[in-house]
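# Geometric and topological summary
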Amino acid sequence: MSSNALITLTLPDGSTREYESGSSGADVAASIGARLAKAAVAAIVDGEVVDLSRPITGDSSIAIVTAASDEGREVLRHSAAHLMAQAVFDLFPGAKYAIGPAIADGFYYDFELPNETRFNDADLERIEARMRELSAEDQTFVRKEYDAQSGLELFADQPYKVEIIRNVTAGTAEDDDSEEVGGDGTVGVYENVRSDGTVAYVDLCRGPHVPTTARLGAFKLTRVAGAYWRGDEKRQQLQRIYGTAWEDGKALAAHLHRLEEAEKRDHRKLGLDLDLFSFPEEIGSGLAVFHPRGGTVRRLMEDYSRQRHADGGYEFVNSPHITKSQLFETSGHLEWYAEGMFPPMHLDGETDYYLKPMNCPFHILIFKSHTRSYRELPMRLFEFGTVYRYEKSGVVHGLTRVRGMTQDDAHIFCTREQMVEEVQRALTFVLGLLRDFGLDDFYLELSTRPKEKAIGTEVEWDEATDALRRAAEPMGLDLVMDEGGGAFYGPKISVQARDAIGRTWQMSTIQLDFQLPARFDLNFVGSDNDKHRPIMIHRALFGSIERFFAVLLEHYAGAFPAWLSPVQVSVLPVADRHEDYASAVATRLKTDGYRTEILNAHNDTLGNRVRRAKTQKVPFVLVVGDEDAEAGTVGVNARGADTPERAIALEEFVGRLASQVAERG
RNA sequence: GCCGGGAUAGCUCAGUCGGUAGAGCAGCUCACUCGUAAUGAGCAGGUCAGGAGUUCGAAUCUCCUUCCCGGCUCCA
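Here goes a summary of the coordinates provided. (Residues numbered from 1 in each chain as written. Chains lettered and ligands numbered in written order. Predicted model: local features only at pLDDT ≥ 70, side-chain atom pairs only at ≥ 80, totals over all residues. Heavy atoms only, no water.)

## Concerning the sheet that holds strand β4 (residues 40-45)
Working definition: the strands of a sheet are paired by backbone hydrogen bonds and lie parallel or antiparallel to each other. Our working rule: Strands qualify as paired when DSSP identifies two bridges or more between them. Numbering of helices and strands runs from the N terminus, with a helix taken as a DSSP run of H or I at least four residues long and a strand as a DSSP run of E at least two residues long. Axis geometry follows a simple rule: fit a line to the C-alpha atoms, using only the stretch in contact for helices, then measure angles between N-to-C directions, giving values from 0 to 180 degrees. In what follows, residue pairs with any heavy atoms lying within 4.5 Å of each other are defined as contacts.
Pairing in this open sheet of 5 strands is mixed, and the strands run β2-β1-β7-β4-β5 from one edge to the other. Strands at the two margins of the open sheet, each flanked by one partner only, are β2 (16-20) and β5 (48-50). Within the sheet, the average angular offset between the axes of one strand and its neighbour, ignoring direction, is 40°. For strand β1 (residues 6-10) and β2, the ladder comprises 5 bridges, and the chain directions are antiparallel. Bridge assignment links Thr10 to a residue of β2, and that residue is Thr16. Together, β4, β5 and β7 (60-66) form the strand contacts of helix α3 (residues 70-91), whose direction differs from that of β4 by roughly 120°.

Shown next as structure tokens:
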């Protein structure tokens, strides 16, 4: 093809332009405008994101990627990971590098340092400073392609790169490898080239990258962490450095600001500030106590849940916290789940006792206490069951990951014919319940048979998994697969909820189980007078009350809706002489069951008391003075309202509060 | 469990070179009695997470334990 052959490129707006064959994205950007050329970091040619410098040799569609786009930021972050690795090599000679992808909001790179050296926080500053120097050198990212053999030679002293190349060429690539190498057998390599033409850094990489390191400025290294090679705890632990990178300083600052805002919602901080719960060191890791205010919220959650379960056809049961080991031997927990259990209590001359990590075996025994008829099915047994799990020390986290928790747990015993309908019914039930608590953005996840820890046959698992899928599909929600994520006894559907700032939380789980009924030899008498084996559905809707509490706390940033607020109304007399009236107002509210406190004038100014109530995120602050005592009114300062209202008739306020609470607002 | 970082008053934090601790807020008392996000003064509050070691002397240096934070793995 001659150098002046023309190609036709189609721009995103549908217009076409002609260029010389071999023109690059950079040429196209420059021909459109100087500003675009400056902002460009990559190009999308026929749907594929490529380097700006990649020559285009045929008619194509093209879009210029600027840094301020999702694709652009990904390129930026991936390039920043290379820059970081280069800085690490400069400062830590002999380092080995593994993988360094872009991730949500940032990037990381995994390293192995010689002599078991570890990065510390001070190293992050040095590495970041070195990155800035390298960025200032304006090194060019240059793509090269090699065959596999040359690639292996090039990275001969880099065992992780060698493993990646071998995997790709052997066709056994793992997911991460596609970040690094193209799928066509060629090994893509990027070099960072200095202005004098020398090569400063080489990496195995699919790309694309920004044109030069000077494009990378708005970045920050955030933390250092251990990470297992291939995410496998049986393999080498590497040193991972996380960073974030953005199109400009303003976007970086905005990101850091978002992190700060999310920190303000942290349930651990809010739990302290609002006096809801604590984790006394004396009790032990992952074991919470709920204070009166937190206890109130929890009671309200439980009360509402009980009412819904009663309406939903559940029967209430109760079971102890400990049991003889035999029960968990029969259930398979001691074989499959022992590492999640607290060690046993040894009693002289008796069998061992265990704290329960799950409620299911107990509910099974309740089912088994009689001969059951098909007429009793589906039997739905519900309990707020407190369980204890020996979580590994590094995973305990606030209320979302604890060692003692209460599940809103139920086990549904039903026939094979009923199971799809029962799962569907449970899904509908949970979505309604979660919506009542103010969550309304969901998707579903279907977790399948674990690779190693699973009981039962493939056929049973397939049937159970298929039943869950059939139940989930009509819900009209996205269904995401989670291969290998099921429990040891059955697959599960989990409901994932997005909160007010877009984070997702695993809430409810619904599991279908053919195994435990068999292990416990459960049966019921059918209409044919024969024995049949029931199916079991395990389901917890809040997940755990502790976790759900944390999710709500973060979702609402501590400002619980009025129906859940530990204190719904604070009554503030303007001066001591209004105490009697304030007391009368409070009594009136308490008569209707509203949680009301009085903040008296003694020792404290009105302004400060308003502040205290507002800080505690009380939904309604009532200020009562001479005019109110005279007229039977209140001043209403509603949470979130711009200005307080004056002279509202007490009964009018009560009505307003009543309707808000009734609507669970 | 693994890697990194931590623990000083109820909370947030300061504490220099190793010489046994300090502030603000919260609490209590008194004064003030006030109409919508911090009135003033005073008082009290600490085995510096726990233990061992080094030292004439440890909040400070070393080791162990507990607990917390950020990740990895795991998970409701």
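## Some points on the nonpolar core
Spelled out, the test is: Put simply, a nonpolar core is a bunch of buried Ala, Val, Leu, Ile, Met, Phe, Trp, Tyr and Cys residues held in one set by side-chain atoms that sit within 4.5 Å of each other. Burial status follows relative accessibility: with a 1.4 Å probe on protein chains alone, a residue under 20% of its type maximum counts as buried, one over 50% as exposed, and anything between as partly exposed.
Counting residues in hydrophobic clusters, the biggest one holds 59 residues, and the most contacted among them are Met301, Val423, Leu427, Phe437, Leu512 and Phe548. Looking at this core element by element, the count peaks at 10 residues for helix α13 (residues 419-436). Dropping the residues within four chain positions of it, Val423 is found in contact with Leu468, Ala471, Ile493, Ile510, Leu512 and Ile537. Counting 51 residues, the second-largest nonpolar core is a separate cluster that includes Val75, Phe141, Leu152 and Ile164.

## So, the protein's contact with RNA strand B
For clarity, the threshold we go by: Note on definitions. A residue lies near a molecule or strand when any single heavy atom of the residue is within 4 Å of it. Here a polar contact is taken to be a pair of N or O atoms separated by no more than 3.5 Å, where protein atoms must pair a possible hydrogen donor with a possible acceptor and residues adjacent in sequence count only if both atoms sit in side chains.
The environment of RNA strand B is made up of 66 residues, and the closest members are Arg223, Tyr228, Gln237, Ser393 and Arg401. At 3.1 Å from a sugar or linking oxygen of RNA strand B is found a side-chain nitrogen or oxygen belonging to Tyr242. Arg547 has a polar side-chain atom sitting 3.2 Å from a sugar or linking oxygen of RNA strand B. A total of 7 residues in the surface near RNA strand B trace back to one element, the largest contributor, which is helix α18 (residues 606-615).

## Observations regarding the packing of aromatic side chains
Note the following rule: The criterion for an aromatic pair is that two Phe, Tyr or Trp rings (for Trp, the six-membered ring) have centres within 6.5 Å, with stacked assigned to planes under 30 degrees apart, edge-to-face to planes over 60 apart and tilted to the rest. Geometrically, a lysine NZ or arginine CZ counts as sitting over a ring once it is within 6 Å of the ring centre and also within 35 degrees of the ring normal.
Inspection of every chain in the model, using the stated rule, returns 29 aromatic pairs. Here Tyr97 and Tyr201 contribute two aromatic rings whose centre-to-centre distance is 6.0 Å and whose plane-to-plane angle is 75°, an arrangement assigned as edge-to-face. On the criterion of sequence distance, the pair formed by Tyr97 in strand β8 (residues 96-97) and Tyr201 in strand β13 (residues 199-204) is long-range, its members being 104 residues apart. Among the residues examined, Tyr97 registers a relative accessible area of 3% and is labelled buried. On the basis of relative accessible area, Tyr201 is assigned to the buried category, the value being 3%. Judged by centre distance (5.9 Å) and plane angle (80°), the ring pair of Phe111 and Phe119 falls under edge-to-face. Under the relative-accessibility criterion, Phe119 is labelled buried at 6%. Each residue in the set Phe89, Phe92, Tyr97, Tyr109, Phe111, Phe119 and Tyr201 is aromatic and connected to the rest through ring pairs, giving one cluster. The ring of Phe219 has Arg132 sitting right over it, with the charged end atom 4.3 Å from the ring centre.

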